[in-house]
Amino acid sequence: MIILRSIADTRAALDSWRRQGQTIALVPTMGYLHEGHMSLVDEAKKRADRVVVSIYVNPTQFGPNEDLDKYPRDFARDEACCKAHGVDAIFYPDNAVMYCPDHSCWVTEESLSQTMCGAARPGHFRGVTTVVLKLFNITRCDVAVFGRKDAQQALIICRMVRDLNVPVEIVVAPLVREPDGLAMSSRNKYLSDDERRRALSISAGLNQATALFAGGQRQAAALCDLVKTGIANAGGKIDYVVVMDRDSLRPLATVDRPAVLAVAAFFGKTRLIDNVFLD
Ligand code: PAF
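This text gives an overview of the structure that appears in the document. (Residues numbered from 1 in each chain as written. Predicted model: local features only at pLDDT ≥ 70, side-chain atom pairs only at ≥ 80, totals over all residues. Heavy atoms only, no water.)

### Quick notes on the overall build of the protein
Heads up, the condition is: Secondary structure counts use DSSP, requiring at least four H or I residues in a row for a helix and at least two E residues in a row for a strand, with both numbered from the N terminus. C-alpha atoms define the radius of gyration in this analysis, and the globule rule sets the expected value at 2.2 Å times the number of residues to the power 0.38. In what follows, a contact means two residues having at least one pair of non-hydrogen atoms within 4.5 Å. Only the protein chains shown count as cover for residues, with accessible areas throughout obtained via the Shrake-Rupley method and a probe of 1.4 Å. We count Lys and Arg on the positive side and Asp and Glu on the negative side, and we leave His and both chain ends out. Working definition for charges: the position is that of NZ of Lys, CZ of Arg, CG of Asp or CD of Glu.
Secondary structure assignment for the protein yields nine helices and nine strands. Its C-alpha atoms give the protein a radius of gyration of 19 Å, within 12% of the compact-globule value 19 Å for 279 residues. For the C-alpha atoms alone, the extent of the protein along its principal axes is close to 55 × 40 × 40 Å. When contacts within the protein are restricted to residue pairs at least 6 apart in sequence, long-range pairs at least 24 apart make up 71% of them. Only carbon and sulfur atoms are counted for the fraction: they give 50% of the accessible area of the protein, which is about 12800 Å². A distance of 1 Å separates the average location of the 34 positive side-chain charges in the protein from that of its 33 negative side-chain charges.

Following this line, the structure appears as structure tokens:
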């Protein structure tokens, strides 16, 4: 496994694989890798001859009062994880490699990013789409794999690739949970034992809502209320609980088409997101 720190080295290494007729899959991450990320790597390995993991805590997707400085980082551990999973290369740039001091071009998605995390975190998705397009341009990957925990992010990236004719196939892999149901996230590390226990109300609420939906409930408000009550009773601060059309991310009153029931809530200072699909 090779560690690539510069764009020139990355292009040279990946071009040499391409010259041998090999295809390349990219798994973009911000590091502090967990089993959820590794499931993306496993998916990537099925889709291409070579797998590149990018590890970069992208400053432009964090708001001024967010957790950029304390975002967990442990490159040695990430490196060991990638090696153990048969990753071919890690692209591990620093800020000077990724952003010129006078960087002034951005990719902005103007519809799907208006709601949910986009409404709660102004500028977040502009930072995500910009860095992801840069990663695509740097690696010229054939395939890129994203996780469904960030369902809105995955949808926005698919829209960007479609609208800007980016020649990359996007694969969205299933959400991975801890054995007790908590959606895996690098930010789970911030939770105290008590917060973590209370945060299980998110996945429990989503499970109950899924069961209610399976039993025939189609009113979005009833499904959301169930989730909200569980989180509020556990002392969580709700950012949003919504049922959205899965293609347009427009709110649904009645679930009469493929939908996503999505949650963002704070336990302590930690903002967690989770979702289930309603089909
Ligand atoms: O999902 C993430 O970890 C990040 O948003 C991504 C896609 C790596 C872009 O920085």
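After presenting the structure, the write-up continues.
### Some remarks on unusual backbone geometry
Rules: For every residue, the accessible area (1.4 Å probe, protein chains only) is compared with the maximum for its type, and the residue is labelled buried under 20%, exposed over 50%, or partly exposed between those bounds.
Of note, Arg140 is a non-glycine position whose phi angle comes to about 50 degrees, a positive value. Mapped onto the elements of the fold, Arg140 is located in the loop between helix H6 (124-139) and strand E5 (143-147). Under the relative-accessibility criterion, Arg140 is labelled partly exposed at 41%. Here Leu249, not a glycine, exhibits a phi torsion of approximately 55 degrees, which is positive. Within the secondary structure, Leu249 sits in the loop between strand E7 (237-245) and strand E8 (259-267). Under the relative-accessibility criterion, Leu249 is labelled buried at 6%.

### Details of the sheet that holds E7
Filter applied, for reference: A pair of strands is treated as paired once DSSP finds two or more bridges between them. Orientation is described by lines fitted to C-alpha atoms, with helices fitted over the stretch in contact, and by angles between N-to-C directions that extend from 0 to 180 degrees.
Here we have three strands laid out as an open sheet, ordered E7-E8-E9, and antiparallel in their pairing. Here the strands that pair on one side only, and so sit at the sheet edges, are E7 and strand E9 (270-278). Here the average twist between neighbouring strands, direction ignored, is 10 degrees. Inspection of the sheet shows E7 paired to E8 by eight bridges, in the antiparallel sense. Looking at the pairing, Val241 lines up with Val263 of E8. Contacts from helix H8 (residues 193-214) reach E8 and E9, with the element oriented near 160 degrees to E8.

### A word on the packing of H8 against helix H9 (residues 220-233)
How two helices pack is summed up by the angle between their axes together with the distance between the axes. Inclusion rule: For this classification, under 35 degrees means roughly parallel, over 145 means roughly antiparallel, 65 to 115 means roughly perpendicular, and everything else is oblique. Crossings are sorted by hand: turned counterclockwise from the far helix by less than a right angle, the near helix makes the crossing left-handed, and turned clockwise it makes it right-handed.
With their axes 8 Å apart at the nearest point, H8 and H9 run at an angle of 155 degrees to one another. With respect to H9, the element H8 is oriented roughly antiparallel. Here the hand of the crossing between H8 and H9 comes out right-handed. Between H8, through Ser201, Ile202, Gly205, Leu206, Gln208, Ala209, Leu212 and Phe213, and H9, the contact on the second element is made entirely by Ala222, Leu223, Leu226, Val227, Gly230 and Ile231.

### Describing the sheet that holds strand E2 (residues 24-29)
As summarised here, the arrangement of the six strands in space is E1-E4-E3-E2-E5-E6, forming an open sheet in which the pairing is parallel. The open sheet has two edge strands with one neighbour each: strand E1 (2-4) and strand E6 (169-173). Each neighbouring strand pair of the sheet contributes to a mean axis angle of 25 degrees, computed without reference to strand direction. Of the strand pairs in this sheet, strand E3 (residues 50-55) and strand E4 (residues 89-91) are connected by three bridges, and their pairing is parallel. From the neighbouring strand, Val53 faces E4, where its bridge partner is Ile90. Sitting on the sheet, helix H1 (residues 7-19) is in contact with E1, E2, E3 and E4, with an inclination near 135 degrees to E1. Here helix H2 (residues 35-47) sits on the sheet in contact with E2, E3, E5 and E6, set at roughly 155 degrees to E5.

### Things to note about the packing of aromatic side chains
Note the cut-off: Pairing of aromatic rings covers Phe, Tyr and the six-membered ring of Trp, with a centre-to-centre limit of 6.5 Å; geometry is then stacked below 30 degrees between planes, edge-to-face above 60, and tilted otherwise. Working rule: Lys NZ or Arg CZ, within 6 Å of ring centre, within 35 degrees of ring normal, means a charge sits over the ring.
All told, the structure shown has four aromatic pairs when counted by the stated rule. On the basis of an interplanar angle of 80 degrees and a centroid distance of 5.9 Å, the ring pair of Phe62 and Tyr71 is categorised as edge-to-face. Of the residues examined, Tyr71 reaches a relative accessible area of 7% and is grouped as buried. Relative to Phe146, the ring of Phe136 lies with its centre 6.4 Å away and its plane at 75 degrees, an arrangement referred to as edge-to-face. Of this pair, Phe136 sits in helix H6 while Phe146 sits in strand E5, and the two are 10 residues apart along the sequence. Judged by its relative accessible area of 2%, Phe136 falls in the buried class. Since its relative accessible area comes to 4%, Phe146 is described here as buried. Directly above the aromatic system of Tyr190 lies the positively charged group of Lys70, at a separation of 4.0 Å from the ring centroid. Between the NZ or CZ atom of Arg218 and the centre of the ring of Phe213, over which it lies, the distance is 3.9 Å.

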